[in-house]
Structure formats: C-alpha cells, structure tokens
Amino acid sequence: MSDVQQPLKALLKRNYDFLVEELMVPLHLDAMYSRDIVSSQEKDDLATIPGRSKQTRTFLDSLLRKGESKIKAFLEVVKSAPDKQPHIYTVLMSSDGHGGFNLDAEVTEVQLLKVGETAGSKWFEIGAYLGTAMTVLEDISDRHRDNSHRLVDVLHRWHDQKGQEASVRNLVDACTEANMGVAVLKALE
C-alpha cells in the first residue's frame, strides 16, 4: 500500500525527525500499553533502551510496521494527554498538509506578531528562554506598558540577533517552556 492510501503512516514518516527529537516515550508507555499499541514485552523492552533518541526510534519503527489503526491509537494517546507534551499532537496535526508550517523555517514577521498577541502575558519568561539578558528585559519592561508589545520587542531583538537561525521551532520551544506552546502553535496555524 502506498502512503497515499496510508495517510497516518505518511504523517509519521514526514514528522519522524521531529518525533525523535521531541517525543518522550516513557511518558506515554502506560497509555500506549492500555490501548494495545505496545505489548507488555515491548513496553518492558522500550523502558530498558538507553538514550531517549534510540528509544524513540525503536518505538516509531515498530509503530510504522503496525499500520494505520495503531498509529491512530497513538495519536489519540498523545492528544488525550494534554499534561504530557501537548505540542506533539498539535505539531503533527498542523503538518498534515492542510495549511501546516515548517518548524525549521525562519520565523516571519507575521508569526512574530501572532505570538506577541497570543503569549504576551508570558513575555518575560519567553524572553528569558530565548536568552535575552536580564538588563534588556528590564529595559523592555520600562519601554512598553503592554505585555504584547513587550513580547514583540523581545521577539524582534531575538530575530535580529539570530537571523536565519531564528526558527519557528526555537520560538515554539521557548513558548512551550513558558507553558504557552499549544496556544502559540494554534495561533501559528
């Protein structure tokens, strides 16, 4: 069967590198076992594999061999666990070919403004996670009254400093650290 006939398999393949980098398999093992995505033996084997990357690759390779129904169950597990890596489901669904975005692309002006509007209340934390110096954050605080404007200022400075390295992924990671990842990903859709 081709990937056209197996859209969920194709979705995982397109996002394989992202999942290897981001997915923390141990957080989801119990739920995956209860949904019969992994067997008891697979659960035990995965738990003993050293290194998160190798563990995730082993899981994904196995999942890809199992087919669409198991992949769908995996997506439901990730979706139903908002306290455990909520950005995983959002990113997968935003990259399904229906208007998604490239996480590795340089962030655009429009995206910076959307993030500013969405996550302004966490401007200070996001700035800190992006590596903005405390003195700069204090200056920005004095310069602007509105938190959205503060965050946009932080993001422009970050973008100016990083240039093409100012990727959507780095921005989403910083927002996720400030507990704004899901909201920001939705705003970027």
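Let me begin by describing the structure that accompanies this report.

### Brief notes about the packing of helix H5 (residues 52-66) against helix H6 (residues 68-79)
Thinking step 1. Running from N to C, H5 and H6 cross one another at 130°; their axes reach a closest spacing of 6 Å. As judged from the angle between their axes, H5 and H6 are oblique. Residues Phe-59, Leu-63, Leu-64 and Lys-66 of H5 form the contact with H6, whose own contacting residues are Glu-68, Lys-70, Ile-71 and Phe-74.
Thinking step 2. Class assignment of the residues belonging to the contact of H5 with H6 gives a composition of five nonpolar, no polar and three charged.

### What to know about helix H3 (residues 25-34)
Thinking step 1. Turning to H3, its buried residues number three or more, namely Val-25, His-28, Leu-29 and Met-32. End-on, the buried residues of H3 take up no more than an arc of 140°, which puts them together on one face. Turned more than 90 degrees away from the buried face of H3 sit Asp-30 and Ser-34, all of them exposed.
Thinking step 2. Turning to H3, the residues buried within the fold contact helix H4 (40-48), H5 and H6.
Thinking step 3. Within two residues after H3, Asp-36 carries a phi angle of roughly 60°, on the positive side.

### Quick notes on the packing of aromatic side chains
Thinking step 1. Applying the stated criterion across every chain yields a total of two aromatic pairs.
Thinking step 2. Where Phe-59 meets Phe-74, the ring centres are 5.4 Å apart and the plane angle is 55°; that geometry is what we call tilted. Placement of Phe-59 in helix H5 and of Phe-74 in helix H6 is noted, with a sequence separation of 15 residues between them. Per residue, the accessibility class of Phe-59 equals that of Phe-74, and both read buried.
Thinking step 3. Look at Trp-123 and Phe-124: their rings are 5.5 Å apart centre to centre, the planes differ by 85°, and that puts the pair in the edge-to-face class.

Conventions used here
- Residues numbered from 1 in each chain as written.
- Predicted model: local features only at pLDDT ≥ 70, side-chain atom pairs only at ≥ 80, totals over all residues.
- Heavy atoms only, no water.
- Axes fitted to C-alpha atoms, helices over the stretch in contact; angles between N-to-C directions.
- Helix = DSSP H or I, 4+ residues; strand = E, 2+ residues; numbered from the N terminus.
- Parallel < 35°, antiparallel > 145°, perpendicular 65-115°, else oblique.
- Contact = heavy atoms within 4.5 Å.
- Nonpolar A, V, L, I, M, F, W, Y, C, P; charged D, E, K, R; others polar.
- Buried < 20%, exposed > 50% of the residue type's maximum accessible area, 1.4 Å probe, protein only.
- Arc of directions from axis to C-beta.
- Phe/Tyr/Trp six-rings, centres within 6.5 Å; stacked < 30°, edge-to-face > 60°.

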